[in-house]
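Residue-level structural notes
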Amino acid sequence: MKKQVHKADQAKIRQRKHIAFRMNFLFFSIFILFSLLIFRLGYLQIVKGEEYSRKLERTEEVAVNTSVPRGRLFDRSGTVLVDNEPKDAITYTKTTSTSAKEMHEIAKVLATLIEQDTNRITRGDKRDFWILNHPEEALAKVSKKEQLKYEKDGSLTRTEAQRAINKLTRERVTDEEINSFTDEELEVLAIYREMMSGYAYSPQIVKSGNVSKEEFAAVSERLGEPELQGVDTTSDWVRVQKSKSAILGRLSTPIEGIPDSRKEYFLARDYARNDRVGKSYIEQYYEELLRGQKTIAKNIKDRSGRVVETKTIREGEPGKDLVLSIDSELEQALEEIVSNKLLELKAGPNAQELDRAFLVMMNPNNGEVLSLVGKQVVKNQDTGKFEILDYAYGTFTSSYEAGSTVKMATLLTGYQENAARIGEFKIDEPIKIGGTLKSSVFNRGSRMSIGDIEAIGRSSNVYMFRIAIAMGKGNYRYGESMSIDKTAFETFRQSFASFGLGVKTGIDLPGESAGYVGNETKTGLLLDFAIGQYDTYSPLQLAQYVSTIANGGYRIAPKVLKEIREPSEDGEILGPLIQETDVTILNRINSTDAEIEQVKRGMYYTYHGANGTAKRIFNDFDGAGKTGTAQTSSSGRTTISLSHVGFAPFENPEIAYAVLIPHVSTTSKYPYANNEIAKAAVDKYFELKAQRAEENTADVTQPIKKPAETESDK
């Protein structure tokens, strides 16, 4: 019996030990698991805490579509060219949990407080609104059988099936149902469609600009009421142009919003679909600077996802103010000069094809554009009188045959290619290639020796023809046909491009044209190219070209932006300077200083030489230039186009200018309007300069040293 008890005790002891082992193992495992859990929590909080906080903040922080004023545009003297005018506005902000039915109810209340224009309502809007107001009737338009057909279609996802059903429903809404709305219901719809078009947590403008004081007060009094949840009263703005210059550009309206062609670009940069963006020229080119920064807010939500609090992380900022290089007072005077001359010419004889004229003035030393003037003359169909339209953008988007104003480039190219030498005389006489006779205007039948300076100042076509023949390795004999090396066309064009002719100038405006490049390589066309009657050039290219000569050979990109500044507080005193724009030297021409100075002497001869083509008007003027006449065509008629380029003063140029008047006459008789416009323009410039010096105000341009030669130019 004792032996049996002893065995039983041993079994119990073993069992107790086994249980104790299991318990210890269990406690140890729990200890390990808790340790791992604590370690993991510590890792997440200490090591990864900041990263997850940033992720959380990113999901909560949103760009709020507040109405941030756009940056102003000023001219170089601080005169406002484009401003913002504040307007009262009513906005609505929806959340991710806001239903269409809730917005409909809010729209109905809002319709009792404001009047809303219904002209923007579309047929699609009415159809969707009918479905919203008649859910049961809309549901019955698609039978159960039809619904099952789409739902059981294995090729469609659930979303695609529902989309197909909705499409069928919309298609079956009848015209009678669409046109069943009362005027009051249409007004509710007009408000509702604006509320629907916004993003969650981003204020959407419901009405702006024409909000009456009574409407603004009525809505303001009820802000915060559940019936108007999300509605707010605020200030909006409208863009106001104080200058008629087309290069300032235009903005889209809130109705137009961002253009479809660039939708992805703008949406990736936190734009809303109804944001106003620059559509053209300066407003478009400098959109990033002008747009401003929207308010960044953090939405605090409860467990249901409802926003219970909104905290502002970063206040919105107005766009940067831009100070342009344009001198508005000078430009206005030059516009008047061009407009008056254009009307005068149009009223004269042989002006059937004349419809435009251009004048560009810039600083040749830094590329700052002082004035871009382009004007078109059109007949008012109601009054029968001619009127002037602004066509400033035509100075860089349109191109024309410039005529003899390109002869400085031809001569300098001749120097480069050993087709001419400084001081070289050539025989000017009529040239006949095959059956085509060509000559200088001043010498239709005689034979005379002419030097390079006089060839520029007197405008010798034949001197330039002989350069072209030498470059084309032609063997000229009077009356015989002549073959040339076709590569001379490309040699010419590459050289002309270094001056800015036949290539984009690099101006900080969109839409620039490089001009027309002829594709034929006939011998006669090479001679025409040498006198500016083949390829076409824009008025701005002519201004850059003459600037390159004026400043000693540096092709500088024209620019209309002078400074970037912080927003002005009152629109009158400029804000702090952020940045001055740099001078961009594109290249230096492949000519020596001596060659450039020789060409300048030829331009001086134009104004002051015994036979200079502009001596009659410019003889007493301290400057140099070149006149141009081109035989052109328009609407099947042979026409004459005029041009003029120049710079002043002669020794230390501070302005360069270009005039171009296409198709001024349909006969060989024409007025010297190009020279008259150029002279009136430079006189006005120096008149304003003297007047401002006397008044102790800023000069039209700031004196800037010649740009230093870069390593790439050496």
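Here the structure is a predicted model, which is why all the values come from computation and not from measurement.

Criteria and thresholds
Residues numbered from 1 in each chain as written. Predicted model: local features only at pLDDT ≥ 70, side-chain atom pairs only at ≥ 80, totals over all residues. Heavy atoms only, no water. Salt bridge = Lys/Arg side-chain N within 4 Å of Asp/Glu carboxyl O. Buried < 20%, exposed > 50% of the residue type's maximum accessible area, 1.4 Å probe, protein only. Helix = DSSP H or I, 4+ residues; strand = E, 2+ residues; numbered from the N terminus. Patch = residues over 30% accessible without salt bridge, like charges linked within 9 Å, V, L, I, M, F, W, Y side chains within 5 Å. Areas by Shrake-Rupley, 256 points an atom, 1.4 Å probe, with all protein chains shown as cover. pLDDT = per-residue confidence, 0-100. Contact = heavy atoms within 4.5 Å. Phe/Tyr/Trp six-rings, centres within 6.5 Å; stacked < 30°, edge-to-face > 60°. Core = buried A, V, L, I, M, F, W, Y, C linked by side-chain atoms within 4.5 Å. Axes fitted to C-alpha atoms, helices over the stretch in contact; angles between N-to-C directions. Parallel < 35°, antiparallel > 145°, perpendicular 65-115°, else oblique. Left-handed = near helix turned anticlockwise from the far one by under 90°. Polar contact = N/O pair within 3.5 Å; in protein donor to acceptor, adjacent residues only side chain to side chain. Pairing = 2+ DSSP bridges.

1. What to know about the pattern of salt bridges
The tally for this structure, following the rule as stated, stands at 44 salt bridges. A salt bridge links E194 to R193, with the nearest nitrogen and oxygen atoms 3.2 Å apart. Here E194 and R193 have matching classes, each one buried. The closest approach of N and O atoms between R466 and E429, which form a salt bridge, is 3.2 Å. On the criterion of sequence distance, the pair formed by R466 in helix α18 (residues 461-471) and E429 in the loop between β12 (425-428) and β13 (431-433) is long-range, its members being 37 residues apart. Counted as one network, the salt bridges with shared partners bring together R70, R239, E283 and E287.

2. Some thoughts on a nonpolar patch on the surface
There is a patch of nonpolar side chains on the surface, built from I19, M23, L26, F27, I30, F34, L37, I38 and L41 and spanning about 880 Å² of accessible area. Look at L26 and you get partly exposed, because its relative accessible area is 43%.

3. Concerning the confidence of the model for the chain
Scored by pLDDT, the chain has a mean of 89; 90% of the residues are at 70 or more. A low-confidence stretch, residues 55-60 (pLDDT under 50), is modelled with five contacts involving residues beyond four sequence positions or located in other chains. Contacts of residues 699-714 to residues separated by more than four positions or lying in other chains number 35 contacts, the stretch itself having pLDDT below 50.

4. Section: the packing of aromatic side chains
One pass over the structure, following the stated rule, counts 23 aromatic pairs. An angle of 85 degrees between the planes, with centres 5.8 Å apart, marks the rings of Y281 and F396 as edge-to-face. Placement of Y281 in helix α12 (residues 281-285) and of F396 in helix α15 (residues 394-397) is noted, with a sequence separation of 115 residues between them. Comparing Y281 with F396 shows no difference in burial state: the two are buried.

5. Section: the nonpolar core
Counting residues in each nonpolar core, the largest one holds 82 residues, and the members touching the most others are I282, L372, I467, F492, L542 and M603. In contact with I282, other than residues within four places in its own chain, are L73, I247, L248, G249, L290, L324, L509 and V560. Core analysis: the second largest hydrophobic core is formed by 34 residues, I640, I655, V664 and A681 among them.

6. As for the packing of helix α16 (residues 407-416) against helix α22 (residues 593-608)
Interhelical geometry of α16 versus α22 gives an angle of 150 degrees and a closest axis separation of 10 Å. The orientation of α16 with respect to α22, classified from their angle, is roughly antiparallel. Judged by the sense of rotation from one axis to the other, the crossing of α16 with α22 is right-handed. Residues M408, L411, L412 and Y415 of α16 pack against E595, I596, Q598, V599 and M603 of α22.

7. Focus on the environment of S220
Mapping S220 onto the fold places it in helix α10 (residues 213-221). On a C-alpha basis, the gap between S220 and T234 in space is 9.4 Å, while along the polypeptide they are 14 residues apart. For S220, the side chain forms a polar contact with the side chain of T233, separated by 3.2 Å.

8. Examining the sheet that holds strand β20 (residues 624-634)
Read from one edge of the open sheet, six strands run β11-β10-β9-β22-β21-β20, paired in antiparallel fashion. Every other strand in the sheet has two partners, leaving β11 (386-390) and β20 as the edge strands with one partner each. Sheet twist, expressed as the mean angle between neighbouring strand axes with direction ignored, is 15 degrees. In this structure, strand β10 (residues 369-379) lies alongside β11, joined through five bridges in antiparallel fashion. In the sheet register, K379 faces β11, and the bridge partner there is F386. The strands touched by helix α14 (residues 328-347) are β9 (356-362), β10, β11 and β22 (655-665); relative to β10, the strand with the most contacts, the crossing angle is about 30 degrees.

9. What about unusual backbone geometry?
Trans peptide bonds make up most of the peptide bonds, and negative phi angles are found at most residues other than glycine. Going from A648 to P649, the amide bond is cis rather than trans, its omega being -15 degrees. Turning to its location among the elements, P649 is positioned in the loop between β21 (637-648) and β22. Even without a glycine there, the phi angle at N418 is positive, about 60 degrees. Tracing the sequence through the fold places N418 in the loop between α16 and β12. The phi angle at K473 is positive, at roughly 55 degrees, despite the residue not being glycine. The topology assignment puts K473 in the loop between α18 and α19 (487-499). Residue K473 is classed as exposed on the basis of its relative accessible area of 64%.

10. Considering the side chain of S404
Tracing the sequence through the fold places S404 in the loop between α15 and α16. Overall, S404 belongs to the buried group, its relative accessible area being 7%. Leaving out residues up to four positions away in the same chain, S404 has contacts with S459, N461, I531, K626, T627, G628 and T629.

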